[in-house]
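In case you want the letters, here they are:
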Amino acid sequence: MILRQLRKGADSGQDVRFQSRVAAVSVPAVSGTRLTLPGVMDDEGRVDESRLRMHIFKNGGVSPSERGLAWRFLFGMYPCGSTALERSLLQEQLVVRYQVMKRRWQQFLPSTVQIHLNGTDAELLAGVRYFDQRQAHVQQQTQDQSEEIRERLAFLELQAQILFERVTFDQRELREAIRIIDKDVPRTSRDLSYYQGEGLGNLLVLRDILITYAAFHPEVSYAQGMNDLCSRFLEVLDSEVDTFWSFSCYMEKFSKDFRADGLRRKIELEADLLKELDPQLYEHLVTDSMESFAFCHRWLLLGFQREFEHCDALRLFEILSCDHLELISQKVERARYQERLVQKWNTEDSSEAELRTINTDFTFELFICAAILLENRESLLQCRDDAQLIHFTSSLQGTLDLNSILEKAESHLYNYCKRCTWDYMSGQCSADESRGEDFLLLLRGLLVLK
């Protein structure tokens, strides 16, 4: 919501890449060479959103060199219609407003500014030292700014203070959120190179982002698992400010997944989809001892973060986030609606067969999950209780082949839509089968199926 307020004030920002592991809060200097996204960005820096999403989906993600810039548009930090010049102004606003927000909770709970360690984690103690050194470097950079820049930032800071002056915090709830964050952050992806050596200081950057988010989004606050999701943004964007705003945009859409009712609904949809695709496997997994599909919980909550190699997990995350197949499902329903209208006006028989509805709540991540289940069908059929299920699915971590799973998931989606289409066509005595063929050709063209 705060980012939407920012856009009302100025649709602007800057598409620059930050120096490796310098994710501190500071206004970035203008890059000498403006980064671009070939094929989706025009000469002034505007991005064609639909092309960007289709590019991500059909190419199986973007290259690592493009990822940071692409994510700033994909997750809504930068408006796709903004120019590079406009974004340079937005970037300054985002930096200053984040600084003000972060300072607000630090002044409210000064005792929580530093993470409290028991001294047993020597690596994290070193990480605190690296973090403090980084903060001192940022302060020096601020002092070295020109008078013109300082005056402009002072004005933006005054605006931010006015914007957030009425924000209040619940001390008990915020302290509880910080307590959980301080437990989760030290366990976040310590095996990644981004969090090793001097990169250990990035764990403290992650902590500040999560606390700032929890403080200014009390309706969501913090829940376990958010640290792993936010860590993806920090690693890719390598910027504290950009990570906060991009993660905030992501959570606007998916925060419900961190509530019990939201995730329960997603698991129920997964069960419904599996029932459509493989009734026998579904019946096996919904016996009294395995009715909750709890083994899918982490997959769906964290976007299969641990089931694939790390680089592939990042690719899958951006593929799922591009919503290309969700846009396809909308086109599918429009095509089927047109077919329904044609049938209504061309038939004299009022007893028209009911059109079988394609469930547009079946998002692509559910088809990914189903593809993994069906890929391991025989092993799952041998599981007799929840403990065996969880043990088996845990053994899949880091072993799955993304390209194979993507291909199978698309195939399941296509066959599901095809079955629904032919069920409808076969119920129409006067139906022209070529209409069904045209519809499926349209669907296949939207996918990457060969």
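Analysis parameters
Residues numbered from 1 in each chain as written. Predicted model: local features only at pLDDT ≥ 70, side-chain atom pairs only at ≥ 80, totals over all residues. Heavy atoms only, no water. Helix = DSSP H or I, 4+ residues; strand = E, 2+ residues; numbered from the N terminus. Expected span 1.5 Å × (residues − 1). Buried < 20%, exposed > 50% of the residue type's maximum accessible area, 1.4 Å probe, protein only. pLDDT = per-residue confidence, 0-100. Contact = heavy atoms within 4.5 Å. Salt bridge = Lys/Arg side-chain N within 4 Å of Asp/Glu carboxyl O. Axes fitted to C-alpha atoms, helices over the stretch in contact; angles between N-to-C directions. Parallel < 35°, antiparallel > 145°, perpendicular 65-115°, else oblique. Nonpolar A, V, L, I, M, F, W, Y, C, P; charged D, E, K, R; others polar.

## With respect to helix 5 (residues 122-143)
Over its 22 residues, helix 5 runs 32 Å from end to end, which matches the ideal 32 Å to within 8%, given 1.5 Å per residue. Every buried residue of helix 5 is accounted for by L124, A126, G127, V128, F131, R134 and V138.

## Concerning the confidence of the model for the chain
Low pLDDT marks regions whose predicted coordinates should not be analysed in detail. Per-chain confidence: the chain averages 81 in pLDDT, with 77% of residues scoring 70 or above. For the chain, the element scoring lowest by mean pLDDT is helix 1 (residues 2-9), at 46; helix 8 (residues 201-216) scores highest, at 97. Below a pLDDT of 50 lies the segment residues 348-355, which in the model reaches 11 contacts outside its immediate sequence neighbourhood of four places, other chains included. In this model, residues 427-431 is a region of pLDDT below 50 whose contacts with residues beyond four sequence positions or in other chains number seven contacts.

## Considering the pattern of salt bridges
Applying the stated rule across the entire model yields 26 salt bridges. Residue R53 pairs with E49 through a salt bridge whose shortest N-O separation is 2.9 Å. Within this pair, R53 and its partner E49 are both found in helix 2 (residues 49-58), separated by four residues, close to a single helical turn. As a salt-bridge pair, R67 and E318 come within 3.0 Å of each other at their nearest N and O atoms. Pair noted here: R67 is in helix 3 (residues 64-74) and E318 is in helix 14 (residues 310-321), with a separation of 251 residues, a long-range link. The pair formed by R67 and E318 is uniform in burial state, with each residue classed as buried. Within this structure, D42, E44 and R46 form a network of salt bridges that share partners.

## As for the environment of H391
For H391, the location among the structural elements is in helix 18 (residues 386-394). What makes H391 exposed here is its relative accessible area of 62%. With 96 residues separating them in the primary sequence, H391 and F295 have C-alpha atoms 9.0 Å apart.

## Some details on the packing of helix 9 (residues 226-237) against helix 14
At a minimum axis separation of 12 Å, helix 9 and helix 14 run at an interaxial angle of 100°. Here helix 9 is positioned roughly perpendicular relative to helix 14, judged by the angle of their axes. Each of L229, R232, F233, E235 and V236 in helix 9 lies in contact with helix 14, whose residues at this interface are H310, A313, L314 and F317. Residue classes in the contact of helix 9 with helix 14 are distributed as six nonpolar, one polar and two charged.

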